[in-house]
Amino acid sequence: MKKRPGVVAGYAMKQLFRKPATIKYPQGDLVIEHNYRGKLSYNPANCIGCNLCVRDCPADALEIINVGTKENKAFECHLSLGHCVFCGQCVDSCKKGCLALTPNIELAGLKKADFKMKL
Amino acid sequence: MNSKRITIPMGPQHPSLKEPSCFTITLEGEKVVNAVVGVGYNHRGLEKASEMRTYIQDLYIIERVCGICSHTHSTAFCQAIEELAGVVIPPRAAYIRVIMAELERLHSHLLWLGIAGHEIGFDTLLMYSWRDREQVLDILAMLGGNRVNYGINTLGGVRRDLEPHMVDDIRQVLNYLEEQDKYYIDLALRETTLAARLGGVGRLSHEDAIKYGAVGPVARSSGVHTDTRVDEPYAAYSEMPVNVITDNHCDVFGRTVVRVLEIMDSIGIIRYALENIPDGEIKVNMPRKIPAGEMLSRTEAPRGEDVHYVRSNGTDKPDRVRVRAASEANWHGMAHMLEGDYLADVPIIIAAIDPCYSCTDRAFVLSDGNGGEQVWDWQRLRQYSLDFYRKRGVDASKLKIAKQ
């Protein structure tokens, strides 16, 4: 194989006519896969309050609270976004399919208090 | 002290890569005569953190040992626990683990190629290889749901299946990367400026690579035929066409050649795995409590061999977890590689082992060699750290640690 300088030159010239590899953000089109692990969503309809999701959360970011009575249970899910590592283990642990991950990744906020939320 | 010699500290702020470590380098003129490697600025206590959580929670801590080799670390950890529990993962899960591991190798080597280009003032290469790396990261995000910590492994298999449309997308990216890698191989083997810049820099002979216990591409570029995928096949590697790529240059140039050729080899392995992936389940049930015992598990990360040790006491939490990341093995030869080279070569020699600082940092106490056990509690560790900084003119005792 013959060694020579400037192997990169021809290829570099070709790149001048390529489309940019970057996209404009936030103005441009950001493509996020439908199965991306973004913000958690919670559907309390089927929740039985087993707390398996809370037990398996590696970051201690979840809390399931019974706001109803002992007979008529009503559950609420409280998430601390600052602690959540978006692993999705809670979704795997939930036997009733109450939790799901959404492709929502635009979660920045100005106040620390905003990160503690009721789902 | 010889007045002609000068000692300069490189770091701890970003000595070559964007991570903390301090290299104390003694120079005679422009030449390095002595180098002391100082790592330990980024200790995270992840082994202890793992011991305080359940096996399922540990998966996500272990995955975060390294930002680049995240899948390989979690594979090693899962393997150890599956072996302890006597569980065999389904063949489809083993294939998916291999596909993820090889995609990870692709993105790690492309990342390294860009960094190496940056360190030698060849930023065009940085732009090209990182542009190509984005394609791999998009594929990984599609498969696992995240660009870096894919979270694909779980105890007893994998969490997400490979869907038919994903296979087509992966094949498309592989075709593109194959073309690109042909160019990188051409560049590494034919471009004289690259060979002149990297040749003879950071030499580590075959004997020294064995003596210092080098692993991964660093060892293979010194002619050491070592690869855990072949030496001790795990997941589905026993069925894969893995070629161990070695080189005899024993320098940074050799490490570049090994890595660009390994990219091509990984593309071949992924294609083979996609062709031959069996149908079936992707996960088997695992008990929450793992039977008592101990297990050592080895995997081949892009940077070399990862070793995980797990000791179980029969509960749902491990009794002891030990993680030996690949960079930890490659640090030992670093001082030897630096000595005799010019100061201007130091950044590229450090970058050439593809180091990962925070993966390697563990707390340890140097004893006087008389044996005996020492246990340091939190208060004593804190006091030691305060005294350490006070000696260097920083009083950190007023700092308050936030409680969660």
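Note that the structure is predicted; figures quoted are calculated from it, not measured. (Residues numbered from 1 in each chain as written. Chains lettered and ligands numbered in written order. Predicted model: local features only at pLDDT ≥ 70, side-chain atom pairs only at ≥ 80, totals over all residues. Heavy atoms only, no water.)

Enquirer: Would you mind showing me how to read the overall build of chain B here?
Expert: Secondary structure assignment for chain B yields 16 helices and 8 strands. The globule rule puts the C-alpha radius of gyration for 404 residues at 22 Å, and the 22 Å found for chain B is close to it. Each principal axis of the C-alpha distribution contributes one length, and for chain B these read about 70 × 55 × 40 Å. Split into buried and exposed, the 404 residues of chain B put 56% on the buried side. Across chain B, every contact between residues at least 6 apart in sequence was considered, and the portion connecting residues at least 24 apart equals 69%. Total accessible area computed for chain B in this model is approximately 17,500 Å², and 53% of it derives from carbon and sulfur atoms. (Helix = DSSP H or I, 4+ residues; strand = E, 2+ residues; numbered from the N terminus. Rg over C-alpha atoms; globule rule 2.2 N^0.38 Å. Buried < 20%, exposed > 50% of the residue type's maximum accessible area, 1.4 Å probe, protein only. Contact = heavy atoms within 4.5 Å. Areas by Shrake-Rupley, 256 points an atom, 1.4 Å probe, with all protein chains shown as cover.)

Enquirer: Quick question: what am I supposed to make of the overall build of chain A here?
Expert: Tallying secondary structure elements over chain A gives 3 helices and 5 strands in all. With the C-alpha coordinates aligned to their principal axes, the bounding extent of chain A is approximately 80 × 35 × 25 Å. Evaluated residue by residue, chain A yields a buried proportion of 31% over its 119 residues. Counting only contacts in chain A whose residues sit at least 6 apart along the sequence, the fraction spanning at least 24 positions is 64%. Accessible surface, chain A as shown: approximately 8,100 Å² in total, 56% of it carbon and sulfur.

Enquirer: Honestly, the state of the cysteines in this entry has me stumped. Any pointers?
Expert: Simply put, the disulfide is a covalent bond whose two ends are the sulfur atoms of two cysteines. Residue and element names in this part refer to chain A. Taken as a whole and assessed by the stated rule, the structure comprises 0 disulfides over all chains. You can see Cys77 has no disulfide; the closest cysteine sulfur is in Cys53, sitting 6.4 Å from it. On the basis of relative accessible area, Cys77 is assigned to the buried category, the value being 0%. (Disulfide = S-S within 2.5 Å.)

Enquirer: How should I be thinking about the environment of Cys87 of chain A in this particular structure?
Expert: In this structure, Cys87 of chain A sits in the loop between strand 3 (75-80) and helix 3 (89-93). The class for Cys87 of chain A is buried, based on a relative accessible area of 7%. Sequence separation between Cys87 of chain A and Arg37 of chain A is 50 residues; the distance between their C-alpha atoms is 7.2 Å. Aside from chain neighbours lying at most four places away, what touches Cys87 of chain A is Arg37 and Pro58 of chain A together with Tyr60 and Arg159 of chain B.

Enquirer: Just to check I follow, could you spell out helix 5 (residues 123-144) of chain B for this structure?
Expert: Count 3.6 residues to each turn of an α-helix, and residues three or four apart come out pointing the same way. Between the first and last C-alpha of helix 5 of chain B there are 30 Å, a value that for 22 residues agrees with the 32 Å anticipated at 1.5 Å per step. Just downstream of helix 5 of chain B, Gly145 of chain B is the residue with a positive phi angle, here 100°. (Expected span 1.5 Å × (residues − 1).)

Enquirer: I would appreciate a short explanation of the interface of chain B and chain A in the present structure.
Expert: One frequent convention defines the size of an interface as the accessible area lost when the parts assemble. In this complex, chain B contributes 33 residues to the contact, which on the side of chain A involves 28 residues. When chain B packs against chain A, the two sides together hide about 2,900 Å² of surface, and 47% of this comes from carbon and sulfur. Linking chain B with chain A are 2 salt bridges. Connecting chain B to chain A are 19 residue pairs in polar contact (both at pLDDT 80 or more). The element best represented in the side of chain B that touches chain A is helix 6 (residues 164-190) of chain B, accounting for 8 residues. (Buried area = accessible area lost by both parts, 1.4 Å probe. Salt bridge = Lys/Arg side-chain N within 4 Å of Asp/Glu carboxyl O. Polar contact = N/O pair within 3.5 Å; in protein donor to acceptor, adjacent residues only side chain to side chain.)

Enquirer: I'm lost on a nonpolar patch on the surface in this one. Help?
Expert: Together, Ile23, Tyr25, Leu30 and Ile105 of chain A line one region of the surface with nonpolar side chains, adding up to about 360 Å² of accessible area. Position of Ile105 of chain A relative to the elements: it lies in the loop between strand 4 (99-101) and strand 5 (116-118). (Patch = residues over 30% accessible without salt bridge, like charges linked within 9 Å, V, L, I, M, F, W, Y side chains within 5 Å.)

Enquirer: Quick question: what am I supposed to make of the packing of aromatic side chains here?
Expert: Per the counting criterion, the structure on display carries 7 aromatic pairs over all chains. When the centroid spacing of 5.0 Å and the interplanar angle of 65° are considered together, the rings of Tyr234 of chain B and Tyr237 of chain B count as edge-to-face. For Tyr234 of chain B, a relative accessible area of 8% corresponds to the buried category. An aromatic cluster of three or more residues is present, and its members are Tyr11 of chain A together with Tyr128, Tyr183 and Tyr184 of chain B. The residue whose ring lies beneath Arg133 of chain B is Trp130 of chain B, and the NZ or CZ to ring-centre distance is 5.6 Å. The positively charged end of Arg259 of chain B is found above the aromatic ring belonging to Trp112 of chain B, 4.3 Å away from the centroid. (Phe/Tyr/Trp six-rings, centres within 6.5 Å; stacked < 30°, edge-to-face > 60°. Lys NZ or Arg CZ within 6 Å of the ring centre and 35° of its normal.)

Enquirer: Just checking my understanding: could you explain the sheet that holds strand 3 of chain A for this structure?
Expert: Within a beta sheet, neighbouring strands are joined by backbone hydrogen bonds and run either parallel or antiparallel to one another. Residue and element names in this part refer to chain A. Taken in spatial order, the 3 strands make up an open sheet running 2-3-5, and their pairing is antiparallel. Where the open sheet ends on each side, the last strands, each with one partner, are strand 2 (62-66) and strand 5. Pairwise comparison of adjacent strand axes, ignoring direction, gives a mean angle of 25° for this sheet. Strand direction decides the pairing type here: strand 2 and strand 3, joined by 5 bridges, are antiparallel. Each bridged residue has a counterpart across the sheet, and for Ile64 the counterpart in strand 3 is Cys77. (Pairing = 2+ DSSP bridges. Axes fitted to C-alpha atoms, helices over the stretch in contact; angles between N-to-C directions.)

Enquirer: Explanation requested: the side chain of Ser129 of chain B in the structure shown.
Expert: With respect to the helices and strands, the residue Ser129 of chain B is situated in helix 5. Beyond its immediate sequence surroundings of up to four residues, Ser129 of chain B is in contact with Leu110, Leu113, Gly114 and Tyr184 of chain B.

Enquirer: Quick question: what am I supposed to make of the packing of helix 6 of chain B against helix 11 (residues 252-276) of chain B here?
Expert: For any two helices packed against each other, one specifies the crossing angle of their axes together with the interaxial distance. Residue and element names in this part refer to chain B. Where helix 6 contacts helix 11, the two axes come as close as 10 Å, and the packing angle between them is 160°. Judged by the angle between their axes, helix 6 and helix 11 are roughly antiparallel. The hand of the helix 6/helix 11 crossing is left-handed. Taken together, the residues that form the contact of helix 6 with helix 11 break down as 17 nonpolar, 1 polar and 6 charged. (Parallel < 35°, antiparallel > 145°, perpendicular 65-115°, else oblique. Left-handed = near helix turned anticlockwise from the far one by under 90°. Nonpolar A, V, L, I, M, F, W, Y, C, P; charged D, E, K, R; others polar.)

Enquirer: Any chance you could explain the packing of helix 2 (residues 55-62) of chain B against helix 3 (residues 70-85) of chain B here in plain terms?
Expert: All names here are of chain B. With their axes 9 Å apart at the nearest point, helix 2 and helix 3 run at an angle of 155° to one another. With respect to their mutual orientation, helix 2 and helix 3 come out roughly antiparallel. As for the relative orientation of helix 2 and helix 3, their crossing is right-handed in sense. Side by side, helix 2 and helix 3 meet where Tyr55, Asp58, Leu59 and Ile62 of the first sit next to His73, Ser74, Phe77, Cys78 and Ile81 of the second. Split into classes, the residues belonging to the contact of helix 2 with helix 3 amount to 6 nonpolar, 2 polar and 1 charged.

Enquirer: How should the confidence of the model for chain B be read in this particular structure?
Expert: Reading predicted coordinates in detail is not appropriate for stretches of low pLDDT. In the predicted model, chain B carries a mean pLDDT of 88, and 96% of its residues have values of at least 70. Interface confidence for the predicted complex, given as ipTM, is 0.88, next to a pTM of 0.89. (pLDDT = per-residue confidence, 0-100.)

Enquirer: Got a minute to help me understand the environment of Leu103 of chain B in this structure?
Expert: Residue and element names in this part refer to chain B. Mapped onto the fold, Leu103 is located in helix 4 (residues 91-119). You can call Leu103 buried: its relative accessible area is 2%. Residues Leu103 and Leu140 lie 37 residues apart in sequence; the distance between their C-alpha atoms is 7.4 Å. Those residues in contact with Leu103, other than ones at most four positions away along the chain, are Val136, Ile139, Leu140, Leu143 and Ile270.

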